[in-house]
Structures are given as structure tokens and as C-alpha cells.
Amino acid sequence: MNKFKLENQGNYMKGGLGNIMKQAQAMQENMQKAQEELANIEVTGQSGAGLIEVKMSCRYDVKKISIDPELMSDDKEILEDLIAAAINDAVRKVEKTTQEKMGGLTSGLNIPGLNLPF
């Protein structure tokens, strides 16, 4: 290769790397903003046709559990199972909300070999 081709190739690589760094920095800022927004989003998981409700933030913090008074006379095991099912429902909703919110952040980022799960 001649000297001209090597110099131009080096300039191309510097520009490409700089571009990738700018994209990565923008993506990091956007992800941080999205995570802050997610912290304020709450979802509601349910079980027993709405007899148990669990409010959970997208940071997986349980904010409130509501139990229909009818269930208080039921078997303790049934109540425990319904609470667990409502929490699991809330967790699935948090995961879905998080994926929807974060998924768009990496769509415009073109870094070869970087395959993010979003």
C-alpha cells in the first residue's frame, strides 16, 4: 500500500471511532434518562380476578398490596398463592414496560459486533 492510502485509512478509522464514541455517549445519556423515568412508572399486577392487586414501580419496589376483604376468611395457603401470583404478574409487567422503554434506545446505534438484547 502506498503512504496516501494508509493515511486516509487512519483518518477514516479515527472518524469512525469518534462517531461510535459519540453514539455510545448519547445512548448512555438516553438510558440514564429512561431509567429515571422508569423509576416513576408504576404497574399493577393482579390475581384472583382482581381480588389481589400489587402496585410495583419499574425498579421492582412493591408500593402497595390490596387484598379484597372476602379473602381474609379463606385458607392462608390460598391467600399466599394469590399474593405470589399477583407479584409475579407485576414483575412481568415491569419487564415488558422496561423492554418497551429501553428497546428504542439502541435501535439507531450501529456498532459492529454489539448485539444488545433490547
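This one's a predicted model, so the numbers in the text were calculated from it and none came from an experiment. (Residues numbered from 1 in each chain as written. Predicted model: local features only at pLDDT ≥ 70, side-chain atom pairs only at ≥ 80, totals over all residues. Heavy atoms only, no water.)

Asker: I keep staring at the sheet that holds strand β2 (residues 52-57) and nothing clicks. Help me out?
Answerer: Neighbouring strands of a sheet are bound in pairs by backbone hydrogen bonds; such pairs are parallel or else antiparallel. Taking strand neighbours across the sheet as the criterion, the 3 strands line up as β1-β2-β3 in an open arrangement whose pairing is antiparallel. Sheet topology places β1 (42-47) and β3 (62-67) at the edges, where each strand pairs with a single neighbour. The mean angle between the axes of side-by-side strands here comes to 15°, regardless of whether they run parallel or antiparallel. Note: β1 against β2, 6 bridges, orientation antiparallel. The residue bridging Thr-44 from the neighbouring strand is Lys-55, located in β2. Sheet contacts for helix α2 (residues 76-103): β1, β2 and β3; angle to β1, the most-contacted strand, approximately 145°. (Pairing = 2+ DSSP bridges. Helix = DSSP H or I, 4+ residues; strand = E, 2+ residues; numbered from the N terminus. Axes fitted to C-alpha atoms, helices over the stretch in contact; angles between N-to-C directions. Contact = heavy atoms within 4.5 Å.)

Asker: Just to check I follow, could you spell out the side chain of Asp-89 for this structure?
Answerer: With respect to the helices, strands and loops of the structure, Asp-89 is situated in helix α2. With relative accessibility at 18%, the residue Asp-89 sits in the buried group. Those residues within four positions of Asp-89 in sequence are excluded, and the remaining contacts are Thr-44, Gly-45 and Gln-46. (Buried < 20%, exposed > 50% of the residue type's maximum accessible area, 1.4 Å probe, protein only.)

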